[in-house]
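# Coordinates in review
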Amino acid sequence: MQRPPQEDFSLKETKPHLGGGKVTGDKLTSTYDLVEQMQYLYVRVVKAKDLPGKDVTGSLDPYVEVRLGNYRGTTRHFEKKSNPEWNQVFAFSKDRIQASVLEVTVKDKDLVKDDFVGRYMFDLNEIPKRVPPDSPLAPQWYRLEDRNGNKVKGELMLAVWMGTQADEAFPESWHSDAATVSGADALANIRSKVYLSPKLWYLRVNVIEAQDLIPGDRSRFPEVYVKAILGNQALRTRVSMSKTINPMWNEDLMFVAAEPFEEPLILSVEDRVAPNKDEVIGRCAIPLQYIDRRLDHRPINSKWYNLEKHIMVEGEKKKEIKFASRLHMRLYLEGGYHVLDESTHYSSDLRPTAKQLWKSSIGVLELGILNAQSLSPMKTKDVRATTDAYCVAKYGQKWVRTRTIIDSFAPKWNEQYTWEVFDPCTVITIGVFDNCHLHGGDKSGGARDSRIGKVRIRLSTLETDRVYTHSYPLLVLHPTGVKKMGEIHLAVRFTCSSLMNMMHMYSQPLLPKMHYIHPLTVSQLDSLRHQATQIVSMRLSRAEPPLRKEIVEYMLDVGSHMWSMRRSKANFFRIMGVLGGLIAIGKWFDQICNWKNPITTVLIHILFLILVLYPELILPTIFLYLFLIGVWYYRWRPRNPPHMDTRLSCADNAHPDELDEEFDTFPTSRPPDIVRMRYDRLRSIAGRIQTVVGDLATQGERLQSLLSWRDPRATSLFVIFCLIAAIVLYVTPFQVVALLTGFYVLRHPRFRHKLPSAPLNFFRRLPARTDCML
């Protein structure tokens with residue numbers, strides 16, 4: 001397979017004219033400053049009064065038509081009303097205006113031909129300009145005229161002004177760009193929107209014991225377990241070892257629950273009467289609103305819950321409460337954990353669920369979505385290839401969706417969004433999609449919005465207060481190989497409110513304390529993450545307009561853990577890249593031993609002799625050397641944020657058979673049953689190995705990033721630490737340092753803290769090359 005030219009996939013720095021102002025250094029000189037200004041003519045149609053009757057009965061079904069050249073927008077119509085109120089806004093892009101007169105006409109809706117009631121004409125040269133934060137323009141009454149310019153009965157309240165996309169009326173207005181879109185549902189589906197992920201909790205169900213159970217068959221020892229159901233999540237305890245009517249389990253079941261709590265937790269105690277036959281002994285339903293909430297590791301009191309016996313009476317279920325049968329449990333919503341709903345490598349939020357435990361924000365992230373270039377045609381409409389593109393950005397709980405630009409391979413959005421930042425070691429994800437739900441869309445729900453590509457930006461790799469304006473390639477892997485679908489032009493700025501607070505974050509644990517005091521198992525986390533992504537996907541798809549399931553899953557990287565030969569090779573090469581430095585040191589040392597360069601070998605002998613005679617110089621020399629390397633590498637620090645790297649991902653030269661395997665269904669579509677079983681087992685095991693190999697590579701890359709200035713704040717902290725350590729170790733006797741180090745490493749467990757140490761927290765926050773993985 002021929003490899004595409006590498007320059008096609010490169011990141012390009014640009015110099016757009018942002019905000020209508022000029023860039024001064026790294027700062028801009030106006031508000032709404034991360035996007036290019038777009039001029040619009042706004043027409044707000046408020047209401048009308050004293051309209052004359054037109055029908056035989058003297059009634060009127062009025063609506064307003066706003067016409068500017070070839071573009072025509074209409075309000076909804078009212079049945080038999082002479083004083084209607086519309087309060088609708090129309091926006092005409094100045095770039096597409098080809099007329100000098102704006103015509104606003106009131107018409108009477110009719111079955112055959114709509115009757116003319118009256119109109120008012122505006123000269124575009126006389127229309128005032130409005131720049132926020134100026135107050136909105138007050139609407140005025142205008143007397144209607146006939147086609148000859150004579151005054152007629154009826155008045156229309158309007159406001160007409162020239163403005164930009166920063167205007168408050170912009171998001172909800174009718175756009176001339178979308179003049180070809182029909183239907184109210186379709187219009188709502190193309191407007192920009194902000195969505196919030198549901199607030200997620202971990203629900204811990206600690207099943208302790210049951211008392212006085214009444215099994216159906218009393219002639220045998222019951223084999224009892226407890227089954228818990230919350231929505232579409234179902235878990236069960238093991239079968240109790242004590243085969244009595246008072247069984248014990250003391251087992252934890254973990255669920256993901258989302259506010260508002262709509263469904264109760266349903267528990268059933270079941271008896272395994274045969275290998276494939278279970279009998280329900282009793283049930284109880286517990287609303288989540290009344291369950292205790294825990295913020296730390298302190299225990300919650302347990303409670304007894306009465307079980308209800310379900311009896312079938314003439315084919316119908318009848319509840320019979322048995323006060324004798326009870327279930328002893330400890331239920332609570334965990335507020336001290338962060339509910340993981342996205343890939344751990346690309347987390348955008350690490351705060352605990354409980355708001356009381358949140359720390360103050362450390363800064364603000366501003367994103368300007370400017371435009372896209374050279375987008376690929378995504379569908380065919382009227383025998384013509386077209387693309388209706390929109391963007392989705394996700395950071396923390398806030399999702400934003402731009403408006404859809406109709407039928408354009410070079411759409412211009414110029415929309416700006418802001419997020420609060422609580423941790424710099426987080427990632428914002430921006431995806432571009434093709435809207436397949438115009439003109440009412442597919443009513444059956446079969447249409448899916450197509451992915452055009454996405455971009456990830458790690459905040460810690462951005463310099464504070466600098467405006468990054470880059471054009472990012474949109475890369476998507478297809479069964480035929482990697483393909484560039486176009487480029488997206490973004491402006492990004494990370495503003496820090498307190499540099500000291502942000503530097504302090506590098507010594508803090510990445511996740512909330514509960515993850516370290518009472519850690520969840522890897523299998524639990526995998527299962528809970530799957531449930532969390534399903535809940536977020538379902539809730540956002542129920543919004544209006546919906547943020548569809550395929551969009552949410554693509555943004556959250558659902559399915560990225562699946563086995564792929566290409567990813568495994570990429571992770572292997574990442575490890576080899578990390579080990580390459582050690583191999584180079586080994587080769588260099590071998591050259592020293594073999595006297596390939598006699599002068600260097602003599603100098604090494606002298607240095608070795610000095611360090612042996614004065615061992616206290618070893619550590620300060622190493623730290624001073626690292627400090628000098630860090631300062632030396634500052635000249636070549638990366639000036640651009642990371643982006644998708646096709647070579648690192650092994651996407652540019654993947655074998656067709658490997659891609660066929662990666663895009664194969666899971667379970668595999670291979671026909672023989674035995675091959676399917678073995679193949680799926682291999683993929684499952686290899687997927688875990690792939691993750692472990694990737695994690696090993698991540699640790700090595702974090703070591704490399706200490707001095708690479710990929711995270712400028714982390715490298716500056718480490719370089720300063722090296723300098724201070726070098727000075728302190730120069731003046732402190734080596735024996736004292738060695739003694740203190742030994743005593744610290746061998747300290748008693750009583751003096752150890754359960755939370756990770758500051759150096760370990762610092763190391764875990766360092767960026768790896770996972771951000772560049774496709």
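Residues numbered from 1 in each chain as written. Predicted model: local features only at pLDDT ≥ 70, side-chain atom pairs only at ≥ 80, totals over all residues. Heavy atoms only, no water.

## Topic: the packing of helix α8 (residues 618–633) against helix α11 (residues 712–731)
- At a minimum axis distance of 8 Å, the contact between α8 and α11 shows a crossing angle of 150°. Of the possible angle classes, the one that applies to α8 and α11 is roughly antiparallel. Considering only the axes of α8 and α11, their crossing is left-handed. Here Leu619, Pro620, Thr621, Phe623, Leu624, Leu626, Phe627, Gly630 and Val631 of α8 come into contact with α11, specifically with Phe718, Val719, Phe721, Cys722, Leu723, Ala725, Ala726, Leu729 and Tyr730.
- Its residues placed into classes, the contact of α8 with α11 shows 16 nonpolar, two polar and no charged. (Axes fitted to C-alpha atoms, helices over the stretch in contact; angles between N-to-C directions. Helix = DSSP H or I, 4+ residues; strand = E, 2+ residues; numbered from the N terminus. Parallel < 35°, antiparallel > 145°, perpendicular 65-115°, else oblique. Left-handed = near helix turned anticlockwise from the far one by under 90°. Contact = heavy atoms within 4.5 Å. Nonpolar A, V, L, I, M, F, W, Y, C, P; charged D, E, K, R; others polar.)

## Some points on the sheet that holds strand β29 (residues 427–434)
- Pairing in this open sheet of five strands is antiparallel, and the strands run β13-β27-β26-β29-β30 from one edge to the other. Two strands bound the open sheet, and with one partner strand each, they are β13 (193–196) and β30 (450–458). Looking at each pair of strands side by side, their axes are set apart by 20° on average, direction ignored.
- Strand direction decides the pairing type here: β29 and β30, joined by eight bridges, are antiparallel. (Pairing = 2+ DSSP bridges.)

## Here we look at unusual backbone geometry
- Glu259 connects to Pro260 through a cis peptide bond whose omega is -10°.
- Locating Pro260 in the fold gives a position in the loop between β17 (248–258) and β18 (265–274).
- In the segment running from Glu544 into Pro545, the intervening peptide bond is cis, with an omega of 0°.
- Tracing the sequence through the fold places Pro545 in the loop between α4 (522–541) and α5 (549–555).
- Notably, Asp50 is not glycine yet its phi reads approximately 60°, a positive angle.
- Here Asp50 is to be found in the loop between β4 (39–49) and β5 (62–68).
- Relative accessible area serves as the criterion here: at 41%, Asp50 is assigned to the partly exposed category.
- Positive phi is not limited to glycine here, since Asp212 has a value of about 55°.
- By the secondary structure assignment, Asp212 is in the loop between β14 (200–211) and β15 (224–230). (Buried < 20%, exposed > 50% of the residue type's maximum accessible area, 1.4 Å probe, protein only.)

## Some words on the domain arrangement of the protein
- Here the protein is partitioned into domain 1 (39–179), domain 2 (199–334), domain 3 (355–556) and domain 4 (570–772).
- Each of domain 1 and domain 2 was reduced to a C-alpha centroid, and the two centroids are 62 Å apart. (Domains from an automatic or database assignment.)

## Focus on the packing of aromatic side chains
- A full pass over the atoms with the stated rule returns 19 aromatic pairs.
- The interplanar angle of 15° and the centroid separation of 5.3 Å between the aromatic rings of Tyr42 and Trp161 together place this pair among those described as stacked. One end of the pair, Tyr42, is in strand β4; the other, Trp161, is in strand β11 (residues 151–164), with 119 residues separating them in the sequence. The burial state of Tyr42 is the same as that of Trp161; both residues are buried.
- Taken together through their ring pairs, the aromatic side chains of Tyr40, Tyr42, Trp161 and Phe170 make up a single cluster.
- The ring of Trp358 is capped by Arg351, whose NZ or CZ atom sits 4.0 Å from the centre of that ring.
- Over the ring of Phe422 we find Arg351; its NZ or CZ atom is 4.1 Å from the centre of that ring. (Phe/Tyr/Trp six-rings, centres within 6.5 Å; stacked < 30°, edge-to-face > 60°. Lys NZ or Arg CZ within 6 Å of the ring centre and 35° of its normal.)

## Brief notes about the UniProt feature "transmembrane region" (unreviewed entry) in the protein
- Those residues carrying the UniProt feature "transmembrane region" (unreviewed entry) are residues 572–589, 601–634 and 717–746 in this numbering.
- The distance separating the terminal C-alpha atoms of residues 601–634 is 29 Å; by composition the span is 85% helix and 0% strand. (UniProt positions renumbered as here; feature names shortened; annotations may be inferred.)

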